[in-house]
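This is what each chain is made of:
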Amino acid sequence: MAAVHDAGSLGPGTPAQALDAILIGAGMSGLYMLYRLRQQGLRVRVLEAGTGVGGTWYWNRYPGARFDSESYSYGYSFSPELLQEWSWSEHFAAQPETLRYLNYVADKFELWPDIQFRSRVTSAHYQEATRSWDVTLHDGRRYRASFLITAIGLLSAPTLPRIDGLQSFRGQSFHTAHWPHDPVHFSHKRVAVLGTGATGVQTIQEVAKTAGHLSVLQRRPNWCAPLHNSKIDAATQARIKATYPEIFARCRATFACFIHTPDPRGTFEVTPAEREAFFEKLYAEPGFGIWQGNFRDILTDRAANAAISDFVARKIRARVRDPRLAEKLIPQDHGFGTRRVPLETFYYEVYNQPNVELVDLRQSPIERVTPDGIKLRDRALAVDIIIYATGFDAITGSFDRIDIRGRHGQALRQKWGNGPQTFLGVQVEGFPNMFMLMGPHTALGNIPRSIEYNVEWVANLIGYMRQRRLSRADPLPEAVAAWTAYVKDMGEGLLSNEIDSWMTGINSNVEGKQWRIIARYSGSAPAYRQRCDEVAATGYRELALS
Ligand SMILES: Cc1cc2nc3c(=O)[nH]c(=O)nc-3n(C[C@H](O)[C@H](O)[C@H](O)COP(=O)(O)OP(=O)(O)OC[C@H]3O[C@@H](n4cnc5c(N)ncnc54)[C@H](O)[C@@H]3O)c2cc1C
């Protein structure tokens, strides 16, 4: 790894060495943006809070962390050479492999010299006079650049539960997104896991293999479906490598960039026997097919949603021996797929093990964490290790943690007080030359596919500006209003928008995140790209360029 230099830093009284762009974050988004902008000849600095590249895959080292996207649909598609060189070992790779992959990418494209680690950005202020952004780190170092690009992640601001006594615990405790780099051993240990979302489920099924005793503290269950992971054998590997163009063409055509896409049939357009057979087929197949490739109406039609929910509930009852326990694992407050579906590997069978207990927090809420464990309303739980699988302040959380100020010192937090307002999820009016990668209101889904599109769109806009010697891009208020209204309209009729979840901006662990906002674009990825393409093709008329 090349030594990190500090060009562009504004020491006290030192003139700025101009950077063209500052990029915050060295995950999938930041790495590709750096690659693209360097190709265009820009002087770029990436400021990254962690000590390595990888973002999500650098921080989330918890046991069992792995993809829910098919590995070969997740990796970068921009370099045919990279696609041929890298061989994924499993259909759904585990975190260590993905982290190795992203390090390989940084090596291959010699990205290291422009990435600066241990550099948490605390503020970014736009300077009208110089048409540039002044960026400050936690330790006071300052930088200036014409363009500010946020690649700070949609699931990168971890949250702990709001429980008294958290700091008093004398054992080991970890948030899954701040997992130590050295292994944690669970054998003969009493372990508590808080949280049963996608991360909690992956953690629980892994920790249960070795823990002396595992207590799963469940506030409410989620609908989980089998991952069906397996190794990739040599013949399949060869086939994947030979068909990458088709795989990515498929991802470009599907609703959410996965290889799965909704079946055109409605749930009740087939006979009950055909419906059951289709659900069985999807349940037996790897990946998100049961969520993303199901009948077209399961996420919009209540009766259709009830049909798939009933099917999955029957599966849970068949897999958990104790019928009362099974009922506790079946969600009552939302239908299948209306919250993010955790994919699992023998998760439900874990509850048949003698070393695992489910603690239903609806019956016995947590009163406080104590030096010895967790005090529930009806008993004290003595544990050696507490794992907080309590997720993230999603989508807007990583923005809220930076003091971002646009023209006239306006704070982004204030601007978004009633929910984000964006143009294409990329720009905010009054924050010129700030471009967001995977910010609110952009297409998500199988995320690297959306990242690559976003990065290329922003790189093209920057290229367009530089060719014409333009130094300022600010979206027009009416363009922002129209996009924000469109995003809202796209969410109409979706059952998921009637549910409290990170996708609707709710996080009971974060002050001020108790009411729903439209943080997420929920239309199709092809429609999103079409709109962005139109904006570029018509000369960015929705932006004030000067
Ligand atoms: C456990 C887990 C599993 C996932 N599985 C999948 C999956 O299977 N498929 C899928 O499509 N997506 C998945 N995701 C979503 C995942 O976040 C994206 O796929 C992708 O990694 C996002 O990349 P990114 O670069 O945009 O953001 P991140 O990977 O989140 O990177 C953001 C980076 O910005 C840095 N940063 C943030 N704020 C600051 C600051 N103020 N100063 C300096 N640095 C900062 C962070 O340290 C981080 O390194 C998963 C997410 C999690 C948490």
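For the structure itself, consult the block above.
Here goes a summary of the coordinates provided. (Residues numbered from 1 in each chain as written. Predicted model: local features only at pLDDT ≥ 70, side-chain atom pairs only at ≥ 80, totals over all residues. Heavy atoms only, no water.)

### What about the sheet that holds strand 13 (residues 366-370)?
Link 1 in the chain: Strand order across the open sheet formed by 3 strands is 13-14-15, with antiparallel pairing between neighbours. Of all strands in the sheet, those with a lone pairing partner are strand 13 and strand 15 (380-382), marking the two edges. For this sheet the average axis-to-axis angle between neighbouring strands, irrespective of direction, equals 20 degrees.
Link 2 in the chain: Pairing between strand 14 (residues 373-376) and strand 15: 3 bridges, direction antiparallel. Counted as the bridge partner of Ile-374 is Leu-381 from strand 15. (Pairing = 2+ DSSP bridges. Helix = DSSP H or I, 4+ residues; strand = E, 2+ residues; numbered from the N terminus. Axes fitted to C-alpha atoms, helices over the stretch in contact; angles between N-to-C directions.)

### Focus: the pattern of salt bridges
Pairing is possible between side chains that carry opposite charge, provided their charged atoms lie close to one another.
Link 1 in the chain: What the rule picks out here adds up to 34 salt bridges.
Link 2 in the chain: In this structure, the salt-bridge partner of Arg-141 is Asp-139, at a minimum N-O distance of 2.8 Å.
Link 3 in the chain: For Glu-349, the salt bridge goes to Arg-319, with nearest N and O atoms at 2.8 Å. Of this pair, Glu-349 sits in helix 13 (residues 347-350) while Arg-319 sits in helix 11 (residues 302-319); the two residues are 30 residues apart in sequence, bridging distant segments of the chain.
Link 4 in the chain: Given a relative accessible area of 15%, Arg-319 falls into the buried group.
Link 5 in the chain: Within the structure, one salt-bridge network assembled from shared partners comprises Glu-128, Arg-407, Arg-472 and Asp-474. (Salt bridge = Lys/Arg side-chain N within 4 Å of Asp/Glu carboxyl O. Buried < 20%, exposed > 50% of the residue type's maximum accessible area, 1.4 Å probe, protein only.)

### So, the packing of helix 7 (residues 234-242) against helix 8 (residues 244-253)
Link 1 in the chain: At a closest axis distance of 5 Å, the pairing of helix 7 and helix 8 adopts a crossing angle of 65 degrees. Put simply, helix 7 runs roughly perpendicular to helix 8. Of helix 8, the residues touching helix 7 (which contributes Ile-240, Lys-241 and Ala-242) are Tyr-244, Pro-245, Glu-246 and Ile-247. (Parallel < 35°, antiparallel > 145°, perpendicular 65-115°, else oblique. Contact = heavy atoms within 4.5 Å.)

### Structural notes on the sheet that holds strand 16 (residues 385-388)
Link 1 in the chain: With parallel pairing, the 5 strands of this open sheet are ordered in space as 7-16-8-9-12. Each end of this open sheet is capped by a strand with a single partner; those strands are strand 7 (172-175) and strand 12 (356-360). Sheet twist, expressed as the mean angle between neighbouring strand axes with direction ignored, is 15 degrees.
Link 2 in the chain: Of the strand pairs in this sheet, strand 9 (residues 213-218) and strand 12 are connected by 5 bridges, and their pairing is parallel. If you follow Gln-218 over to strand 12, its bridge partner there is Asp-360.
Link 3 in the chain: Of the strands in this sheet, strand 8 (190-194), strand 9 and strand 16 are in contact with helix 6 (residues 198-207), which crosses strand 9 at around 160 degrees.

### Concerning helix 9 (residues 272-284)
What sets the pattern is the α-helix's 3.6 residues per turn: residues three or four places apart point alike.
Link 1 in the chain: If you check helix 9, its first and last C-alpha atoms are 18 Å apart, about what 13 residues at 1.5 Å a residue would give, namely 18 Å.
Link 2 in the chain: The set of residues buried in helix 9 consists of Arg-275, Phe-278, Phe-279, Leu-282 and Tyr-283. Down the axis, helix 9 shows its buried residues gathered within 135 degrees of arc, on one side only. Summarising the geometry of helix 9, the exposed residues directed more than 90 degrees from the buried face are Ala-273 and Ala-284.
Link 3 in the chain: Buried-residue contacts for helix 9 involve strand 10 (225-226), helix 10 (289-292), helix 11 and strand 11 (343-344). (Expected span 1.5 Å × (residues − 1). Arc of directions from axis to C-beta.)

### Some words on the site of the ligand
Link 1 in the chain: By nearness alone, 35 residues border the ligand, and Ser-29, Glu-48, Asp-68, Ser-69 and Tyr-74 come closest of all.
Link 2 in the chain: Between the ligand and Thr-56 there is a distance of 2.7 Å, counted from an oxygen atom to a side-chain nitrogen or oxygen.
Link 3 in the chain: At 2.9 Å, a side-chain N or O of Trp-59 approaches an oxygen atom of the ligand.
Link 4 in the chain: The protein chains hide 95% of the 970 Å² of surface that the ligand would expose on its own.
Link 5 in the chain: Elements supplying a minimum of two residues to the shell around the ligand: helix 1 (28-39), helix 2 (56-59) and helix 16 (447-467). (Near = heavy atom within 4 Å. Polar contact = N/O pair within 3.5 Å; in protein donor to acceptor, adjacent residues only side chain to side chain. Areas by Shrake-Rupley, 256 points an atom, 1.4 Å probe, with all protein chains shown as cover.)

### A word on the nonpolar core
Link 1 in the chain: If you look at the biggest cluster of nonpolar residues, it comprises 132 residues, and the most contacted ones within it are Tyr-76, Leu-214 and Trp-457.
Link 2 in the chain: Residue contributions to this core peak at 10 residues, all from helix 16.
Link 3 in the chain: Setting aside anything within four residues of it in sequence, one finds Trp-457 in contact with Leu-424, Val-426, Cys-532, Asp-533, Val-535, Ala-536 and Tyr-540.
Link 4 in the chain: If you look at the next biggest cluster of nonpolar residues, it comprises 23 residues, including Tyr-126, Val-135, Ile-152 and Ile-404. (Core = buried A, V, L, I, M, F, W, Y, C linked by side-chain atoms within 4.5 Å.)

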